[in-house]
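Okay, here's what each chain looks like letter by letter:
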Amino acid sequence: MDKYFMVFLISSMFILTACVSVASTEENPLNHPDDEMVTVLFSDSTSMQDEHTYYDAFLTLQQHFEDEMLSFIIVDLNERDVIKYFEINEFPTMIVVTGENEHLRMEGVLTEEEILQELFDLFLEEETP
């Protein structure tokens, strides 16, 4: 085989492979309706002690908005596609999204009060017409 043809063939394979991997990360990997707000906690199960404040804050928020069904999803460290899509670099991280629109991002170890303040600010703002 001609060496230029081989170079062309190998280059084409790399380009096609790159296109496939990029295309797979462009679509939101959460199985959730695009028009519904969802709170997502990115969790590392080896450091659960750092995440309890996020759970507690969300439960408090849910009690306050008991008439509404608030959606909550936990994404584990091994769900690489979701972590890559949302560009998560630190655990725990909590985001609140509607479809492609990110409303809030909190990263790292925070107090329950800090998390609650951010969540209440966002959810009360969303309630106001």
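In this report, we go over the structure that sits alongside the text. (Residues numbered from 1 in each chain as written. Predicted model: local features only at pLDDT ≥ 70, side-chain atom pairs only at ≥ 80, totals over all residues. Heavy atoms only, no water.)

So, on to the side chain of Ser43. Along the chain, Ser43 falls in strand 1 (residues 37-43). Its relative accessible area of 4% is what places Ser43 among the buried residues. A distance of 2.7 Å separates the side chain of Ser43 from the side chain of Glu51, its partner in a polar contact. In contact with Ser43, not counting residues within four places along its chain, are Met48, Glu51, Tyr55, Ile74, Val75, Asp76, Leu77 and Phe91. (Helix = DSSP H or I, 4+ residues; strand = E, 2+ residues; numbered from the N terminus. Buried < 20%, exposed > 50% of the residue type's maximum accessible area, 1.4 Å probe, protein only. Polar contact = N/O pair within 3.5 Å; in protein donor to acceptor, adjacent residues only side chain to side chain. Contact = heavy atoms within 4.5 Å.)

Now for the nonpolar core. Counting 18 residues, the largest nonpolar core has Leu61, Met94, Val96, Met106, Ile115, Leu119 and Phe123 as the members making the most contacts within it. Those elements that provide at least two residues to this core are strand 1, helix 2 (52-64), strand 3 (93-98), strand 4 (101-107) and helix 4 (112-127). Sorting elements by how many residues they give to this core places helix 4 first, with six residues. In contact with Ile115, other than residues within four places in its own chain, are Thr53, Tyr54, Ala57, Met94, Met106 and Leu110. (Core = buried A, V, L, I, M, F, W, Y, C linked by side-chain atoms within 4.5 Å.)

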